[in-house]
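Given next are the chains, with one letter for each unit.
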Amino acid sequence: KAAYSDAATAAPRDPDIHTGWGELFLEKFAKGEAMRSFQDALKINPRFSGAYRVPAELAAASYRFEEAVALSRKALAIDPTLARAHNGLAFVYVLAFNAAVGVISLENLECALQHAEAALDLDPTDPRVHYTLAYVCLHRREFERARRHFVRAVEMNPNDAVILAH
């Protein structure tokens, strides 16, 4: 925390620092503070793609799927190589499908698959990417493929609570 505080004092207009603060607050379960930090980063630079990811994830977790999709798409419009944004968008599509919300339809499972595969192509070392692809495949009834990616996610990070919860 002290390092972030020193960095924020030295470079208060750096969106990376505000995003780092947001990540730190999120780890401490301070969602309100985290959101303010990401919003500050976007005020400094609205084209800072990394500051859209967590607000999109928080919107999805609160069943605000349209907002989550819009935020993820903004990040991808800025940087189409952002694996975490592709991964987040794929996960949002599946969460919305799972919740049977009208914003999503069966054909969007195909879209979820495309974004999950794009994330995997961009960052095959991220266990959350493998987990999301497994989750998408499970909903598409591609059970063997889902199992392979779930096992890979657990092998890569056997202590990830989100991965292990499913």
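To keep things clear, this report deals only with the structure shown in the data block. Computed from a predicted model, the values in this text were never measured in an experiment.

Conventions and cut-offs
- Residues numbered from 1 in each chain as written.
- Predicted model: local features only at pLDDT ≥ 70, side-chain atom pairs only at ≥ 80, totals over all residues.
- Heavy atoms only, no water.
- Helix = DSSP H or I, 4+ residues; strand = E, 2+ residues; numbered from the N terminus.
- Buried < 20%, exposed > 50% of the residue type's maximum accessible area, 1.4 Å probe, protein only.
- Contact = heavy atoms within 4.5 Å.
- Phe/Tyr/Trp six-rings, centres within 6.5 Å; stacked < 30°, edge-to-face > 60°.
- Expected span 1.5 Å × (residues − 1).
- Axes fitted to C-alpha atoms, helices over the stretch in contact; angles between N-to-C directions.
- Parallel < 35°, antiparallel > 145°, perpendicular 65-115°, else oblique.
- Left-handed = near helix turned anticlockwise from the far one by under 90°.
- Nonpolar A, V, L, I, M, F, W, Y, C, P; charged D, E, K, R; others polar.

A look at the overall build of the chain
Thought 1: Helix and strand counts for the chain come out as 10 helices and 0 strands.
Thought 2: Listing every helix and strand of the chain by position from the N terminus yields α-α-α-α-α-α-α-α-α-α.
Thought 3: Within the span of the chain, comprising 166 residues, buried residues form 43% of the whole.
Thought 4: Taking the intrachain contacts of the chain between residues at least 6 apart in sequence as the baseline, contacts between residues at least 24 apart amount to 46%.

Let's talk about the packing of aromatic side chains
Thought 1: Per the stated rule, a full pass over the model turns up 4 aromatic pairs.
Thought 2: Aromatic pair Phe91 and Tyr131: ring centres 6.0 Å apart, planes at 40°, arrangement tilted. With Phe91 in helix α6 (residues 83-98) and Tyr131 in helix α8 (residues 127-139), this pair connects stretches of sequence that are 40 residues apart.
Thought 3: By the ring-pair criterion, three or more aromatic residues cluster together here, those being Phe91, Tyr131 and Tyr135.

Some thoughts on α6
Thought 1: End to end, α6 covers 22 Å across 16 residues, agreeing with the expected 22 Å (1.5 Å per residue, within 8%).
Thought 2: Turning to α6, its buried residues are Ala83, Ala85, His86, Asn87, Gly88, Leu89, Ala90, Val92, Tyr93, Val94 and Ala96.

So, the packing of helix α5 (residues 65-78) against α6
Thought 1: The geometry of α5 relative to α6 is characterised by a closest axis approach of 9 Å and an angle of 160° between their N-to-C directions. By the criterion of interaxial angle, the relationship of α5 to α6 is roughly antiparallel. Two packed elements cross with a definite hand, and for α5 against α6 that hand is left-handed. Residue-level contacts link Phe65, Ala68, Val69, Ser72, Arg73, Ala75 and Leu76 of α5 to Ala85, His86, Gly88, Leu89, Val92, Tyr93, Leu95 and Ala96 of α6.
Thought 2: Its residues assigned to classes, the contact of α5 with α6 shows 11 nonpolar, 3 polar and 1 charged.

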